[in-house]
Amino acid sequence: MKMLFKTALALAVSASAVSLAQAADYSMRLSHQLPASHHVAKALEAFAVEAEKNSGGRLDVQIFGGEQLYKASQNHVAVARGQVEAASILSLQWGGTVPEMQVFSIPYLMTRPEQLEKFPGSPAAALLEDKLQQKGVKSIAWLLDANDSTFTSQKAPLVAPADFKGVKIRGLGRLVDTGFIAMGAAPSTMPGSEVYQGLQTGVIDAGVSSLSAVYARRYYEVQKYAVVTPLITVYQNLVVNPRWWEGLPAEVRNGVLAAAKSAELSLAAQGAEQDPEGVAKLEKTGMTVTVHTPEQRKALEQAMQPVVVGEFLKTTADGQKLLDLVRQL
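The paragraphs below set out a description of the structure included in this document. (Residues numbered from 1 in each chain as written. Predicted model: local features only at pLDDT ≥ 70, side-chain atom pairs only at ≥ 80, totals over all residues. Heavy atoms only, no water.)

## Looking at the nonpolar core
Membership of the largest hydrophobic core comes to 65 residues, with the highest contact counts inside it found for Met28, Phe47, Val103 and Phe119. For this core, the leading source of residues is helix α2 (residues 39–54), giving seven residues. Excluding anything up to four places from it in sequence, Val103 contacts Leu109, Leu128, Phe312, Leu322, Leu323 and Val326. Within the second largest apolar cluster, 21 residues are counted, among which are Tyr108, Val167, Ile169 and Val227. (Core = buried A, V, L, I, M, F, W, Y, C linked by side-chain atoms within 4.5 Å. Buried < 20%, exposed > 50% of the residue type's maximum accessible area, 1.4 Å probe, protein only. Helix = DSSP H or I, 4+ residues; strand = E, 2+ residues; numbered from the N terminus. Contact = heavy atoms within 4.5 Å.)

Next comes the structure, spelled out in structure tokens:
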């Protein structure tokens, strides 16, 4: 019954979108999982406006955020099958389909501002884009979601490796979770939309998400401490259906690419350093916030990175090649 209702809702929304797009020659429905207040969601709205403007009114872009059409785990298949033209997909969610994308889940491997600046357009990015293309989608932008992972907890702050022992923490996927396990934590993977309830009910003791997501999803209502650290880099891949993409006139495609590049550059600039305003916003909610020092980061890197790299290399024959390319950034 629930599935029938969801199918009917998706059809109704799609029909409405078609009606809205009648004045345009082409329609681009874009699905994502983020709440409207999230900084990447706002960047996608700006992308839509610019893409439409660049097309001279020939393209109508409709954003369906907050899992209105598809769950986060369903977006890839929906785009590959042409059920929607585009989606923004968290890099953490590609692990089972494109194991090479787990390179971003290696703690402290690619989080420095200079690396993030060089990555789009690099050989490392090209290798990953080719892997995505092989799975039926074309990536047109690397939207920086976060490089300011934030551990939240209730009893005590999670600063040093020893603080994680025995803690039930939100997992971030099989690979990075091996690093949590190495410190004695018990990770439980769940999407960001479920973390608040997990913290509230005690299913997990601690959360981990981006600084902006911790605030947007109101984790401060159920957690007292926050520790900000560049643990991993999280991207949103803006992907499109290749058949739809090739069916667009060159000038419309170029307009979309220009808008995607604007969003990419805007988010990269925002994520160049950990956001002091974001820290201040959490502190105003009453949370006690700690920003990791270089020495504290190094302690977690030494505890987590070796075991995670070892697991990563088991997942793909191209793992060492990709690691070498990333380390050259």
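We are not done yet, so read on.
## A word on the environment of Val203
Here Val203 shows up in the loop between α7 (192–201) and β8 (207–210). Val203 sits 88 residues away from Gln115 along the chain, and the two C-alpha atoms are 36 Å apart. Not counting the four nearest positions on each side in its chain, Val203 is found in contact with Lys168, Met190 and Gly198.

## Some thoughts on the sheet that holds strand β3 (residues 86–90)
Pairing is mixed across the open sheet formed by five strands, whose spatial order is β2-β1-β3-β10-β4. Because the sheet does not close on itself, it has two edges, and the strands there are β2 (59–64) and β4 (138–146). Between one strand axis and the next, the sheet turns by 20° as a mean value, whatever way the strands run. Across the sheet, α2 is in contact with β1 (26–31), β2, β3, β4 and β10 (234–240); its angle to β2 comes to roughly 165°. Of the strands in this sheet, β1, β2, β4 and β10 are in contact with helix α10 (residues 250–270), which crosses β4 at around 20°. (Pairing = 2+ DSSP bridges. Axes fitted to C-alpha atoms, helices over the stretch in contact; angles between N-to-C directions.)

## Re the side chain of Ser88
Structurally, the position occupied by Ser88 is in strand β3. A relative accessible area of 0% means that Ser88 is categorised as buried. A polar side-chain atom of Ser88 sits 3.0 Å from a polar atom in the side chain of Gln236. Sequence-distant contacts of Ser88, that is, excluding residues within four places in its chain, are made with Leu30, Ser31, His32, Leu44, Asn75, Leu143, Gln236, Asn237 and Leu238. (Polar contact = N/O pair within 3.5 Å; in protein donor to acceptor, adjacent residues only side chain to side chain.)

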